[in-house]
Structure formats: C-alpha cells, structure tokens
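For reference, the chains in residue letters:
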Amino acid sequence: MTSAAHIVVVGTGQAGITAAEALRAGGFEGEITLIGDEPHAPYHRPPLSKAWLAGEVQAAQLTMRLPEVLAKKGIALRTGVRVESIDRAAQSLRLSDGQALRYTGLVLATGAVARRLPLPGAQAPNVLALRTRDDAEAIAARLAACREAGRPLVVIGGGFIGLEVAATARKLGVAVTVLEAAPRLLMRALVPALSDWFAALHRAHGVELVLDAAVESIECDAAGLAQAVSLRDGRRFACGAVVLGVGVQADDVLACAAGLACDRGVIVDEHGRTSDPLIVAAGDCTARRLADGSLLRLESVQAATEGAKAAAASLLGQARPFTAAPWFWSDQFGHKLQMAGLSSGADTSVTRGDPAAGPFSLWHFRDGVLVAVDTIDSSKDHLLARKLLDARVSPTPGQLADPAFEAASLLAPH
Ligand code: FAD
C-alpha cells in the first residue's frame, strides 16, 4: 500500500488496539484511524468483574493505551463516535457525527453486546448486565447500595462473568444467590468435574447456588426497582440488585448491513479475512470458519489479540494465521482457572494433582489425543499445555496417570 493509504479500525477494544498497533509494527506507513463509540480511552475488560469491581485496582490501571501513546505511533484515536454504516462500493464510512470517512482498508473489531432477558422486570434500573466500563460502574454502585441496605444480589447465569461478579460481591460482604438454568455451572466451557468443583467453591464461600433454575419474572416495587426474582416452580429470591450473566451476542450489525457474510458473527478465516478483500475482522465480533467447515466463536483476550494480528497482517499482504490453541482464564475466590484448548467432545480426562487440597489440572483427550488442559492454580502446567497443543505433541492418558511422568520431557530437544 502507498503512504496515501488509510486504514480505519472500528472498535477500540483489545482487537481494535492490537490491529492498529500491528499495522504500524508491520510496516504500514499510511494513515490509521481507530474509532470507537465508547467515551473512554481504550481499557481492559477482564478486571471489570474482578480486581476493579473489588476495589483492588484504580481506574487508571484499566487503561490499555493512553491517547498520547497512540498519537506517538501515528494512530488517530476518535472516541465517542459510532460508525453508522459502511458503503463498500465507495469505500466510505458514515459516522454518527455526520462525517464521512474514506478507507483503503477496514478492520472490524466491534466486539459483542451483553444479552438481555425478555423477562417482565428485566428493564428495571437495578437489573444490570456487565460488558462495559459504564456497566461496571453502575454495578459497583448497586453493590455498595446492597451492602449498605443488607440486601442480597441475585446473579442470573452461572457462566464466567456471573460467577466472577458473585465471587467479588461476596468479597465485598454482599449476600449472593446465583440462579443457573442448566443442571451445572459453566456447562458450555467445562467438564462436569470442574463444574462441581466451582459449585463447591462458591457454596463454601456462602453463595446460594440454584441449578435448573427457570427464571420467570423479576418483581419490581412501585418505584420500578427490582425486589425479587421468581422461578417457575414458585420459589422467590429477594434482591437489592440483579446482574445478568447470560452471555453475549457478537456485534455484527455493521457488517451484516454492509452485506458481508455473517452467521452470529462476521465470518472470517484464520487470516481474519471477510467476504470483502478490503475488510478484515477480529475479536468477539467474529465467527471463524475452521477447516471442517464449522464456525468457532471465541470470546477471549487471546482470540482478540491473535485474531487482530492475523487480520492486520492480511491487510498488509502478509500471512500470520491465527491457529494457536485457544486459551482463557478466570479468577474466583483467589483461585485461577486457566484453560488451553477446547474440552468439548473429549472422551477421557486425567486428573493430576489434588483437587481437594491444592493445584491440579485436568488433561482432556479425544481418541487418545490431547485436546485441552484445564488447570487450577497451576500456571506452569497451563503454559506447558499450550506448548504441547501448539506443537501437536500429545502424551498418552496412561503416561499422565503416572504422577512421576514429566509431560515437559516430550518437548525436550532431541
Ligand atoms: P470489545 O472489547 O467488545 O470492543 C469492541 C468495541 O467496539 C466496543 O467498545 C464497542 O462499543 C465498539 N463498537 C461496536 N460497534 C461500533 C461501531 N459501529 N462504531 C464504533 N464503535 C463500535 N477474556 C479473557 O480471556 N479472560 C478473562 O478473564 C475475561 N474476563 C472478562 C470480564 C468481563 C467483565 C468482560 C466483559 C469480558 C471478559 N473477557 C475475558 C473477554 C474479553 O475481554 C473479550 O473477549 C475481549 O475484550 C474482546 O475484545 P474485542 O476488541 O473483540 O471487543
């Protein structure tokens, strides 16, 4: 591309920032505009349900990049402005401030939006979902009010965000009930043994956990504030606030309206390429087409970072495919879960370490091949697992069942 080129990155989250910086690092000399509709400078989302919500880190520590740091790299940051539409024929964007912006390359990094529930009472001001910094500030204020008034928090949804908020609320001294529709926690992400481990952890810290919970309605008082959550079986849980942790939807609105191929996410390949050669996409807004034709949606810092590097490389005519094993982490009650690979479809699991007393890991196999490793408080095993999965080197279940076996030996140089 020539120096007259202009790449626009839509979305100032993890994927947007990474793509903009990777374009510069990859040798792009044209103009880069990073544009996002949130009013804040780019910030980290993971602490919003953990250390920030617990009051353990300051707001300044949420900042991912200061505008002046981006400016030094020649990246123009525009916050508080929404891209309303893409005119692909004219290679032009229409912005919420009325301006039009031309592009020679476009990165879509529009993320995801938190799901709401179509329930009576779900629109009450003390019923909140957690996606943005503004959401987190509203939840922090509601938690403080709950603590002061001695009112419980009800969390609807026992996924990662719901459970992290539950753990943080307990830390802050708020009584918590978690209502989960499935028969176990974290069902989409974890094998039953780990779901049970998390259930025991939460119960040990005083969380009231209700599984198979069919939420029917949220009862509000005369002022319109949620006061209780009712289940179909008649049970009723009083609350001072409700947090909805019922998942996210990829934000592919802009891409779909522009006629890009989408299926619950902007469809990309491992290079971040969309159905338009001038447009790439990365992060939570995407659904990646795999070799077997299926679509993979990942919502993680790693997927946003690696997907964005792949997408930036594509726009520069370089190849840096995102093929690494997925990884993710979650912090709850002082324990760190780290996941490498995908355990869905595993037929055998081997436990190493002692789940009752200390660090442990679960090694998952499909047809005798290692597909995923979940670790609790063992970053060493997590990093080793990522190396093994990326190198496609698999120990056998039998080897791992021997506590003396060192899986790292499989990676040792020959
Ligand atoms: P986002 O960060 O969602 O950024 C997209 C941005 O684009 C948003 O600011 C959005 O407003 C903006 N946008 C959308 N449309 C437009 C438009 N038309 N015009 C302008 N701007 C637009 N992941 C982990 O791996 N580990 C964790 O422990 C973890 N914890 C998390 C805790 C919380 C509370 C949350 C919310 C997420 C957590 N995640 C975690 C997930 C991780 O943060 C996300 O997967 C990652 O941040 C996604 O980055 P992204 O850039 O794709 O999307």
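Since we're looking at a predicted model, the values are computed, not measured. (Residues numbered from 1 in each chain as written. Predicted model: local features only at pLDDT ≥ 70, side-chain atom pairs only at ≥ 80, totals over all residues. Heavy atoms only, no water.)

**Let's talk about the side chain of aspartate 252**
On the secondary structure map, aspartate 252 appears in the loop between strand 17 (248-250) and helix 6 (253-257). Here aspartate 252 is in contact with Cys262, Arg264, Gly265, Val266 and Cys285, once residues within four sequence places are set aside. (Helix = DSSP H or I, 4+ residues; strand = E, 2+ residues; numbered from the N terminus. Contact = heavy atoms within 4.5 Å.)

**Some remarks on helix 5 (residues 192-204)**
Look at helix 5: 18 Å from first C-alpha to last across 13 residues, which is about the 18 Å you get at 1.5 Å a residue. All buried positions along helix 5 are accounted for by Leu194, Ser195, Trp197, Phe198, Ala199, Leu201 and His202. Against the buried residues of helix 5 lie helix 4 (160-171), strand 12 (208-210), strand 22 (327-332), strand 23 (335-341), strand 25 (360-366) and strand 26 (369-376). Taken from the residues just after helix 5, glycine 206 is the one with a positive phi, measuring 90°. (Expected span 1.5 Å × (residues − 1). Buried < 20%, exposed > 50% of the residue type's maximum accessible area, 1.4 Å probe, protein only.)

**Things to note about the sheet that holds strand 3 (residues 75-79)**
Pairing is parallel in the open sheet, where five strands are placed in the order 3-2-1-7-19. Both edges of this open sheet fall to strand 3 and strand 19 (279-281), since each of them pairs with a single strand only. For this sheet the average axis-to-axis angle between neighbouring strands, irrespective of direction, equals 20°. With five bridges connecting them, strand 2 (residues 31-36) and strand 3 associate as parallel partners. Note that in strand 3 the partner of isoleucine 32 across the bridge is isoleucine 75. (Pairing = 2+ DSSP bridges. Axes fitted to C-alpha atoms, helices over the stretch in contact; angles between N-to-C directions.)

**Quick word on the side chain of asparagine 126**
Topologically, asparagine 126 is positioned in the loop between strand 8 (112-114) and strand 9 (127-129). Overall, asparagine 126 belongs to the buried group, its relative accessible area being 2%. Of the polar contacts made by the side chain of asparagine 126, one reaches the backbone nitrogen of alanine 226; its length is 2.8 Å. With residues near it in sequence (within four places) discarded, asparagine 126 still touches Arg142, Leu225, Ala226, Gly240, Ala241 and Val242. (Polar contact = N/O pair within 3.5 Å; in protein donor to acceptor, adjacent residues only side chain to side chain.)

**Re the packing of aromatic side chains**
Throughout the structure, instances matching the rule amount to four aromatic pairs. Ring centres of tryptophan 197 and phenylalanine 198 lie 5.1 Å apart, and the angle between their planes is 85°; this geometry places the pair in the edge-to-face category. Residues tryptophan 197 and phenylalanine 198 agree in their burial class; the two are buried. Among the aromatic residues, those joined into a cluster by ring pairs are Trp197, Phe198 and Phe360. Here the basic side chain of arginine 288 rests over the ring of phenylalanine 322, its NZ or CZ set 4.1 Å away from the ring centre. (Phe/Tyr/Trp six-rings, centres within 6.5 Å; stacked < 30°, edge-to-face > 60°. Lys NZ or Arg CZ within 6 Å of the ring centre and 35° of its normal.)

**Describing the site of the ligand**
Close contacts around the ligand come from 32 residues, with Asp37, Glu38, Arg45, Lys50 and Arg131 the closest. The contact in question runs from an oxygen atom of the ligand to an N or O atom on the side chain of aspartate 284, over 2.8 Å. Look at the ligand: alone it shows 1,000 Å² of surface, and the protein chains cover 95% of it. (Near = heavy atom within 4 Å. Areas by Shrake-Rupley, 256 points an atom, 1.4 Å probe, with all protein chains shown as cover.)

**A few points about the domain arrangement of the protein chain**
Domains assigned within the protein chain are domain 1 (6-113 + 249-315), domain 2 (127-244) and domain 3 (334-411). Averaged C-alpha coordinates put domain 2 and domain 3 at centres separated by 31 Å. With eight residues of domain 2 at the contact, the number on the domain 3 side is 10 residues. The junction of domain 2 with domain 3 conceals about 810 Å² of combined surface from both sides, 81% of it contributed by carbon and sulfur atoms. It is Val191, Leu194 and Trp197 that lose the most area in domain 2 upon contact with domain 3, and together they represent 57% of the buried surface on that side. (Domains from an automatic or database assignment. Buried area = accessible area lost by both parts, 1.4 Å probe.)

**Focus: the state of the cysteines**
Within the structure shown, the criterion is met by zero disulfides. Cysteine 239 supplies the cysteine sulfur nearest to cysteine 146, a cysteine that is in no disulfide, at a spacing of 7.8 Å. In this structure cysteine 285 is not part of a disulfide, and its nearest cysteine sulfur, from cysteine 262, lies 8.8 Å away. A relative accessible area of 0% places cysteine 285 in the buried class. (Disulfide = S-S within 2.5 Å.)

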